[in-house]
Amino acid sequence: MPDARPNILFIMSDDHASHAMSCYNSRINTTPNLDRIADEGMRFDNCFCTNSICTPSRAVILCGTYNHINGVTTLSTHIDNRLQTFPKLLQGEGYQTAMVGKWHLGTGPAHQPTGFDFWSVVPGQGEYHNPLFIEMGEEKRIEGYATDIITDYSLDWLRQRDPERPFCLMCHHKAPHRPWEPDDKHADMYEEIDIPVPETFDDDYANRASPAARAEMRIARDLNATDLKQPVPEGLTPAEEKHWKYQRYIKDYLRCIASVDDNVGRLLDYLEEEGLAENTIVIYTSDQGFFLGDHGWYDKRFMYEESLRMPFIIRYPREIAPGSSNQDIILNVDFPATFLDYAGIALPETFQGTSFRSLLNGETPEGWQTSLYYRYWMHLAHHNVCAHYGLRTLRYKLIYYYGEALGTAGSIDESWEPEWELFDLEADPHELNNVYADPAYAEVVATLKDEMHRLQAELGDEPMPEID
Ligand SMILES: [Ca+2]
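Residues numbered from 1 in each chain as written. Predicted model: local features only at pLDDT ≥ 70, side-chain atom pairs only at ≥ 80, totals over all residues. Heavy atoms only, no water.

Let's shift gears to the pattern of salt bridges. Taken as a whole and assessed by the stated rule, the structure comprises 39 salt bridges. Note that arginine 266 is salt-bridged to aspartate 152, the shortest N-O span being 2.7 Å. Of the two residues, arginine 266 is situated in helix H8 (residues 238-273) and aspartate 152 in helix H5 (residues 146-160); the sequence distance between them amounts to 114 residues. With a relative accessible area of 31%, arginine 266 lands in the partly exposed category. Given a relative accessible area of 32%, aspartate 152 falls into the partly exposed group. One salt bridge connects aspartate 424 with arginine 395, and the closest N-O pair in it is separated by 2.9 Å. One end of the pair, aspartate 424, is in strand S16 (residues 419-424); the other, arginine 395, is in the loop between strand S14 (388-393) and strand S15 (396-401), with 29 residues separating them in the sequence. Owing to a relative accessible area of 3%, aspartate 424 belongs among the buried residues under this scheme. Judged by relative accessible area, arginine 395 falls into the partly exposed class, the value being 32%. Among the charged side chains, a salt-bridge network with shared partners connects Arg36, Glu40, Asp269, Glu272 and Arg315. (Salt bridge = Lys/Arg side-chain N within 4 Å of Asp/Glu carboxyl O. Helix = DSSP H or I, 4+ residues; strand = E, 2+ residues; numbered from the N terminus. Buried < 20%, exposed > 50% of the residue type's maximum accessible area, 1.4 Å probe, protein only.)

In structure tokens form, the structure reads like this:
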């Protein structure tokens, strides 16, 4: 009897914010192939990461644990590849497993991928053009463009698999990570048009705690020559120069996404041609969000919406109604629990996430999570972003910038004074007005702190000394 367990095709790109996908009503681009997944499946509007940076988010997804548990708190704390992961569990139950593309969890015997029948990954961030791969421990440089090659490898692996057993393929794109290098095919896209700027493009960082103004990820000031790829024209006013830099940045970012979109289309076509579309769960997501000129920024790390939010679209015709969407909170830590649920594998007690299969069936269970805990550790290590933790509920967001690196590579600012932020997302969706000190929100603050401490205790993290 054929194995009826579903296949899993998990496609994840790097730094692709949902507001650059047309199925999320992007104002700046179209993504017809990604939209196929959303049109034929479900779009999650409140999917969030627990730490908005590459390496930690990837560890959360594999291990089903928060970073203070799996130890991958920063870019330099690589994964201990003996940890339990969902691909290992799938492999142990007869799934064929593969990991292709960006790994970014370390190289060498202690950190390289485990739990995969086949793996071919780019070391570190990887390169866009003629990238180096490490395939089952062997280095090989491949001619071509990373997004195409990662898809080629994925298709090659699918073609040689055993059709009698289910598969789990993790196809991880390097794109559209900085420095946003498009391929020749998409190099001239958007050449003749101006991409609109977001509403908060000229944010002055007033009415916030100090970290927003301290951050060094401003389009006007912090993009470098490698990012811009062309000399800045002379004679521009500061506003014109900022606008020119935004166009340079965002167009290359969107060109990289256009290639991802094309290549997702190739994978979807393959599933259809092979009669695999019905029994394959297809996911498209990104390791976290990104600022697309929002608040005048590029990059991520902050708990602010554009960075915290992950795109998550999923198609599985057997269980998910086409063209559906969901507003419940799901987290990257919930992904592995969901995949194991579909595979009929019991969730290990050590996994901290919860399967959202019932949400995919259109039902929100009683007591489903209405808040999430977030923590970014790398105090002043990159882009001068401060370490912080916080709580987001459906309406509010509380953030605490406690100002310590906790043994990570960041430099310590001795003069640091801890600061809080509270945003009422209903009244202030763009997070421009910190109401932490507003007496009208005193009760809200107290309730949110209690909830945050409850979650910290439940998840096994320790609060820092908290000063009001
Ligand atoms: Ca990333």
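Further remarks concern the pairing of strand S8 (residues 167-172). Sheet faces and side chains relate simply in a regular strand, where the side chains alternate between the two faces. Summarising burial for S8: six of the six residues are buried, a large majority. Both faces of S8 are covered, namely the face carrying Phe167, Leu169 and Cys171 and the face carrying Cys168, Met170 and His172. Here five bridges tie strand S1 (residues 7-13) to S8, and the two strands are oriented parallel to one another. Within S8, the residue paired with isoleucine 11 across the bridge is cysteine 171. As judged from the six bridges shared by strand S4 (residues 96-102) and S8, these two strands associate in the parallel manner. Residue valine 100 lies in a different strand from S8, and its bridge partner there is cysteine 171. (Pairing = 2+ DSSP bridges.)

In this section: the packing of aromatic side chains. Aromatic ring pairs are reported here in terms of the distance separating the ring centres and the angle at which the planes meet. Per the stated rule, a full pass over the model turns up 33 aromatic pairs. Relative to tyrosine 246, the ring of phenylalanine 201 lies with its centre 5.1 Å away and its plane at 65 degrees, an arrangement referred to as edge-to-face. Highlighted residues: phenylalanine 201 in the loop between S8 and helix H6 (211-214) and tyrosine 246 in helix H8, separated in sequence by 45 residues. What makes tyrosine 246 buried here is its relative accessible area of 1%. Here the aromatic rings of tryptophan 297 and tyrosine 304 are separated by 6.0 Å at their centres, their planes lie at 20 degrees, and the arrangement is stacked. (Phe/Tyr/Trp six-rings, centres within 6.5 Å; stacked < 30°, edge-to-face > 60°.)

What follows is about the coordination of the calcium ion. Those protein atoms acting as donors to the calcium ion are Asp14 (OD), Asp15 (OD), Cys54 (SG), Asp287 (OD), Asp287 (OD), Gln288 (OE1) and Gln288 (NE2), and they sit at 2.1 to 3.0 Å. Read N to C, the donor residues that coordinate the calcium ion are spaced as D-D-x38-C-x232-D-Q. Of the residues examined, aspartate 287 reaches a relative accessible area of 0% and is grouped as buried. (Donors = N, O, S within 2.8 Å, 3.2 Å for Na, K, Ca; no water.)

What follows covers the sheet that holds strand S5 (residues 118-122). If you trace the ten strands from one edge of the open sheet to the other, you get S7-S6-S5-S4-S8-S1-S9-S10-S2-S11, paired in mixed fashion. Looking at which strands have only one partner, the edges of the open sheet turn out to be strand S7 (138-141) and strand S11 (324-326). Recorded for the sheet is a direction-independent mean angle of 15 degrees between the axes of neighbouring strands. Against the sheet, H5 engages S4, S5, strand S6 (132-135), S7 and S8, with an angle of about 170 degrees to S8. Contacting S1, S8, strand S9 (280-286) and strand S10 (312-315), H8 crosses the sheet at an angle of about 175 degrees to S9. (Axes fitted to C-alpha atoms, helices over the stretch in contact; angles between N-to-C directions. Contact = heavy atoms within 4.5 Å.)

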